[in-house]
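Summary of the model geometry
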Amino acid sequence: MKRWSLRREVKEGIMFPKFYGLAYRDMWRRVSICYPIPLNVVVRLAMSLYWKLQEGLVTNRLEKIIEKAWQDGYCTGTRRNVRWPR
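Residues numbered from 1 in each chain as written. Predicted model: local features only at pLDDT ≥ 70, side-chain atom pairs only at ≥ 80, totals over all residues. Heavy atoms only, no water.

**Observations regarding the overall build of the protein chain**
The secondary structure content of the protein chain amounts to one helix and three strands. The linear arrangement of helices and strands in the protein chain, starting from the amino end, is β-β-β-α. By sequence separation, contacts in the protein chain at least 24 residues apart represent 20% of the contacts at least 6 residues apart. Looking at the protein chain as shown, the accessible area adds up to about 8,400 Å², and 63% of this sits on carbon and sulfur atoms. (Helix = DSSP H or I, 4+ residues; strand = E, 2+ residues; numbered from the N terminus. Contact = heavy atoms within 4.5 Å. Areas by Shrake-Rupley, 256 points an atom, 1.4 Å probe, with all protein chains shown as cover.)

**What about the nonpolar core?**
In this structure, A23, V31, I33, Y35 and V43 together form the largest nonpolar core, which totals five residues. With three residues, strand β3 (residues 31-36) is the single largest residue contributor to this core. The contacts of I33, once residues within four sequence positions are left out, are R7, R8, E9, G21, L22, A23 and Y24. (Core = buried A, V, L, I, M, F, W, Y, C linked by side-chain atoms within 4.5 Å. Buried < 20%, exposed > 50% of the residue type's maximum accessible area, 1.4 Å probe, protein only.)

Don't take any of this as a statement about function, it's just geometry.
And the structure:
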């Protein structure tokens, strides 16, 4: 039994189906994800929000890791009284 879905995956070089618009591109599989025209805008906004949140969470984690590494190195250097060579 085939499942019914509004989502259409279009490979590179193939025209979009009628009344379907681009929602986003899946770069890993090199396909365009299409939805019916009024729905594609909603899906695009939802995916944009999702990726912005993901980017923010990763950036915050990365900044914390860098900050901790810098503090550890600074404290170790201060304790050892190590200075940068000039």
